[in-house]
Amino acid sequence: MSVIGILLCGGNSQRMGFNKLTTPLGGSTALARSAALLSHSGCDRLVIAVTPDTRPAAEALDTPVPVTLCDGGSTRGQSVLNALRAAQGKPGDIAVIHDAARCFQTAEAVRAAIAGARETGSGVASLPMADSVFDTSTQTPLDRSKLVRTQTPQAFRFEDILSAYERAGDQAATDDAALYARFIGPVTFTPGSTTGYKLTTREDWAFAQASCFRPRTGTGFDTHVLGEGRKLILGGVEIPFEKGLVAHSDGDVLLHALMDALLGAASLGDIGHLFPDKDPQYENISSRVLLREVACRLREQRLTVAHVDVTVIAERPKLAPYFPQAIRNIAEDLGIGEDQVSLKATTTEGMNDEGRGLCISAQAVANLV
């Protein structure tokens, strides 16, 4: 007997406005979380119904079990049927059908569904009704002791659920259990989990982000030599001084350290990797342009800047008068409030290269959520 995981990744995420299955969420994605859930909870192989948007992410999955991809359909039911046919299961096999958007379902719920299918032919993850339920057309309360909320996974003997879908044709069904009950027989309901909710709306996404909230912290450091004939620019502010910082770009060590801290917190490398100093397009470029590009990279990862703190190490000139404008620049470029930006300056009291006026350095800490 083989247990075949059928993972559905065919939705278009219209209500989200972005692809909910492939967008990073707490260090992973909904697609990857659901694939790992099935492959570590009793499934011997996976068949994943994909769209052109989700196919690359599905192809890149690293799972301990074999994976087959198939095209999803225009409806959920068609995607299930396509995946069942692609699975080529044998009589006695178990099909475990799961919506990838239910990426926080528990391994216990998966195993319970599989056990139910082995024992009775079906195992449908479900929860009892905790709230009072009314039939609004008659204003009549329903007996909630007889009601359950179904989730996925929903597991069945392979030949039964394939037969049900093929017999259904174009008939609509809210889930796999409805077709099974219509064409095969009574459904066995197995314990689900409150964490098995489906990512459907932006409110669901916000709740999921809070559920897997893991603050991310990065540090950055940069230093540049002071030289003649260069402008001194720190935090995007040109500061009157007889020397400037020598660099391929504008030499803004404050923003360079800040960008490295932000990139480090996001695990996106560093500015030397993203903006190499051998590339002529970055020669004398404003570091504010680069900071805005870093902000775009963070948004692509669905990461938000919570707070940044930068310390500039310089003997001269006095920097405090220029920090209010630098704070405004950083807040504008990162799309955050000025109260989320902290800038400080210190000296080394004549020690080290900073103290001897040979260079200016900066160190930064950034927190992302």
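For the chain, the helix and strand inventory stands at 12 helices and 16 strands. Taken against the 2.2 N^0.38 rule, which gives 21 Å for 369 residues, the C-alpha radius of gyration of the chain at 28 Å runs more than 25% over that of a compact globule. Counting only C-alpha atoms and orienting by the principal axes, one finds that the chain spans roughly 85 × 45 × 30 Å. Counting across all 369 residues of the chain, residues that qualify as buried make up 47%. For the chain, the exposed surface amounts to about 17,600 Å²; the carbon and sulfur share of it is 50%.

Right, let's get into the environment of Ala314. Along the chain, Ala314 falls in the loop between strand S14 (305-313) and helix H11 (323-334). Classification of Ala314 as buried rests on a relative accessible area of 6%. The spacing of Ala314 and Gly350 is 36 residues in sequence and 9.6 Å in space, taken between C-alpha atoms. Not counting the four nearest positions on each side in its chain, Ala314 is found in contact with Leu319, Thr346, Thr347 and Ile360.

Looking now at the sheet that holds strand S8 (residues 148-157). Strands belonging to one sheet form pairs held by backbone hydrogen bonds; the direction of such a pair is parallel or antiparallel. Spatially, the 7 strands line up as an open sheet ordered S3-S2-S1-S4-S8-S5-S9, and their pairing is mixed. Of all strands in the sheet, those with a lone pairing partner are strand S3 (67-71) and strand S9 (189-191), marking the two edges. Averaged over all pairs of adjacent strands, the angle between strand axes in this sheet comes to 30 degrees, irrespective of strand direction. As defined by bridge partners, strand S5 (residues 122-128) adjoins S9 across 3 bridges and the pair is classed as parallel. Bridge pairing links Ala125 to Thr190 in S9. Relative to the sheet, helix H4 (residues 107-120) contacts strand S1 (3-9), strand S4 (94-99), S5, S8 and S9, its axis offset from that of S8 by approximately 55 degrees.

Further remarks concern the pattern of salt bridges. Any two side chains of opposite charge can pair, on the condition that their charged atoms come close. Summed over all chains, the structure comprises 14 salt bridges. In this structure, Lys344 and Asp309 form a salt bridge, with 2.8 Å as the shortest nitrogen-oxygen distance. Taken together, the residues span a long stretch of sequence, with Lys344 in strand S15 (residues 341-346) and Asp309 in strand S14 at a distance of 35 residues. When its relative accessible area of 36% is taken as the criterion, Lys344 is described as partly exposed.

As a further point, take the nonpolar core. One finds Leu234, Leu254, Leu262 and Leu343 to be the most contacted residues of the largest nonpolar core, which totals 48 residues. For this core, the element with the highest residue contribution is helix H8 (residues 253-265), accounting for 10 residues. Among the nonpolar cores identified, the runner-up in size contains 35 residues, and Leu37, Ala155, Trp205 and Ala208 belong to it.

So, on to the pairing of S4. Counting buried positions along S4 gives 6 out of 6 residues, so the element sits mostly inside the fold. Two strands pair when backbone bridges link them, and S1 and S4 are joined in this way by 6 bridges, in the parallel orientation. Paired with Ile4 across the strands is Ala95, a residue of S4. In the sheet, S4 pairs with S8 via 4 bridges, with the strands oriented antiparallel. Residue pairing for S8: Ile94 is matched across the bridge by Arg157.

Rules behind the numbers
- Residues numbered from 1 in each chain as written.
- Predicted model: local features only at pLDDT ≥ 70, side-chain atom pairs only at ≥ 80, totals over all residues.
- Heavy atoms only, no water.
- Helix = DSSP H or I, 4+ residues; strand = E, 2+ residues; numbered from the N terminus.
- Rg over C-alpha atoms; globule rule 2.2 N^0.38 Å.
- Buried < 20%, exposed > 50% of the residue type's maximum accessible area, 1.4 Å probe, protein only.
- Areas by Shrake-Rupley, 256 points an atom, 1.4 Å probe, with all protein chains shown as cover.
- Contact = heavy atoms within 4.5 Å.
- Pairing = 2+ DSSP bridges.
- Axes fitted to C-alpha atoms, helices over the stretch in contact; angles between N-to-C directions.
- Salt bridge = Lys/Arg side-chain N within 4 Å of Asp/Glu carboxyl O.
- Core = buried A, V, L, I, M, F, W, Y, C linked by side-chain atoms within 4.5 Å.

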